[in-house]
Amino acid sequence: LHRVDRRQRQMCIRDRYLTIDIGNSFAKLAIFQDGEIVHKERHHKLLVGNVDKLYKKFLFSRAILSSTRVIDKRIITAIQRRYDMIILDHNTAIPIKNLYRTPETLGRDRLAAVVGAYVQYPKQNCVIIDLGTCNTFDLVDKNGTYQGGNISPGVDMKLKAMNHFTSMLPLPVRQYNDDPIGKDTTSALQNGAFWGTIFEIESFIHRMNALFTPLNVILTGGDAEIFGSKLNSKIFVAPNIVLIGLHEILKYNEE
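These lines cover the structure that appears in this document, whether it is placed above or below.

Reading the values: the criteria
- Residues numbered from 1 in each chain as written.
- Predicted model: local features only at pLDDT ≥ 70, side-chain atom pairs only at ≥ 80, totals over all residues.
- Heavy atoms only, no water.
- Buried < 20%, exposed > 50% of the residue type's maximum accessible area, 1.4 Å probe, protein only.
- Helix = DSSP H or I, 4+ residues; strand = E, 2+ residues; numbered from the N terminus.
- Pairing = 2+ DSSP bridges.
- Axes fitted to C-alpha atoms, helices over the stretch in contact; angles between N-to-C directions.
- Parallel < 35°, antiparallel > 145°, perpendicular 65-115°, else oblique.
- Left-handed = near helix turned anticlockwise from the far one by under 90°.
- Contact = heavy atoms within 4.5 Å.
- Nonpolar A, V, L, I, M, F, W, Y, C, P; charged D, E, K, R; others polar.
- Salt bridge = Lys/Arg side-chain N within 4 Å of Asp/Glu carboxyl O.
- 1 Å grid on protein atoms, 1.4 Å probe; cavity = no way out; pocket = protein on both sides within 12 Å on 5 of 7 lines; lining within 4 Å.
- Points joined across faces, edges and corners; volume = space filled by probe spheres on them.
- Core = buried A, V, L, I, M, F, W, Y, C linked by side-chain atoms within 4.5 Å.

## Here's the deal with the pairing of strand β10 (residues 215-220)
Judged by how many residues are buried, β10 sits mostly within the fold: six of six residues are covered. Burial of the side chains of β10 extends over both faces: Leu215, Val217 and Leu219 are buried on one face and Asn216, Ile218 and Thr220 on the other. With six bridges connecting them, strand β7 (residues 125-131) and β10 associate as parallel partners. Paired with Asp130 across the two strands is Thr220, which belongs to β10. Bridge count for β10 against strand β11 (residues 236-237) is two bridges, and the pairing is parallel. Note on β11: the bridge partner recorded for Ile218 is Phe236.

## What to know about the packing of helix α5 (residues 155-164) against helix α6 (residues 185-211)
Where α5 meets α6, the closest approach of the two axes is 9 Å, and the angle between their N-to-C directions is 140°. In terms of orientation, α5 and α6 fall into the oblique class. Along this stretch, α5 crosses α6, giving a crossing that reads as right-handed. Residue-level inspection shows Val155, Lys158, Leu159 and Met162 of α5 in contact with α6, the latter providing Leu189, Gln190, Gly192, Ala193, Phe194, Thr197 and Glu200. Across the contact of α5 with α6, the residue classes tally to six nonpolar, three polar and two charged.

## A look at the pattern of salt bridges
Considering all chains together, one arrives at 10 salt bridges under this definition. Across the pair Asp21 and Lys28 runs a salt bridge whose closest N-O atoms are separated by 3.8 Å. Three or more residues joined by partner-sharing salt bridges are found here, namely Asp156, Arg174 and Asp223.

## A closer look at the sheet that holds strand β9 (residues 145-153)
The mixed open sheet is built from six strands, whose spatial order is β6-β9-β8-β7-β10-β11. Two strands close off the open sheet at either side, each with one partner strand: β6 (97-98) and β11.

## Remarks on the layout of surface pockets
In this structure, the largest pocket encloses a volume near 1,000 Å³. Looking at the largest pocket, it is lined by 40 residues, and the ones nearest its centre are Asn24, Lys28, Asp130, Gly132 and Thr133. Every element with two or more residues in the lining of the largest pocket is listed here: β1 (13-22), β3 (36-43), α4 (108-120), β7, β8 (134-140), α5 and α8 (241-252). Per-element tally for the lining of the largest pocket: the top contributor is α5, with four residues. Taken together, the residues of the lining of the largest pocket break down into 12 nonpolar, 14 polar and 14 charged.

## Examining the pairing of β7
Most of β7 is tucked away: seven of the seven residues are buried. Of the two faces of β7, the one carrying Asn125, Val127, Ile129 and Leu131 and the one carrying Cys126, Ile128 and Asp130 are both buried. Where β7 meets β8, six bridges bridge the pair, whose relative direction is antiparallel. Along β8, the bridge assignment pairs Ile128 with Asp138. Two successive antiparallel strands, β7 and β8, enclose a turn made up of two residues.

## Some remarks on the nonpolar core
If you look at the biggest cluster of nonpolar residues, it comprises 25 residues, and the most contacted ones within it are Ile64, Leu88, Cys126, Ile128 and Ile218. Sort the elements by how many residues they give to this core and α4 lands first, with six residues. Those residues in contact with Ile218, other than ones at most four positions away along the chain, are Ala117, Tyr121, Cys126, Val127, Ile128, Ile129, Phe236 and Ala238. The next biggest cluster of nonpolar side chains, apart from the first, holds 24 residues, and it includes Trp195, Ile198, Phe204 and Leu231.

Below you can see the structure in the form of structure tokens.
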């Protein structure tokens, strides 16, 4: 196995960084240079070879990894032996104040997302809604304080749960219907998953607007584009907000 030696490290481009966000479905890797994403890719799982190929092409100087699932420690160890990489956890220094009572249980993607929002919209109240396997709702205020947030099932999880925990309800095809009132069991289940999520999002935004005004609403995650076009509220779709937050945390921890 090759290792990045001292001479190779001297060849690294100082302002070029690798961010790795491992979610429930995909591992997303992005190369940042001068604060901008210059390359992005995703894989079903993280392999050492993925990182090696990116290094050969981009000569990144440092890396950061965040994961919401358990990863083979041998892969992490192998990457850390090769490259200067930090693993995001509750002990990592961040540029915001965290009021979460159990920071060790806070999802790393949620933490990175609120940092990304704080960087993208400084001195503004922001709700970050990540729509994927689970839906997460998080709020960072204009003073850079993470207030906390909520977690609920995503669309697919809702559909599967209704099928799994009952004896008669089928598992329908995932589908958005313009009519919010189901006319049969299939459309009723689909609407419960899709329209139920829309109502949940809009209700949360309404409640947060009463507490933190004015308020930016940022959607991210695999289902962000789908719901972004269905909501009445003014929102920003930011698919890279977690990666942006990871980049900022990495810079914040530069020696």
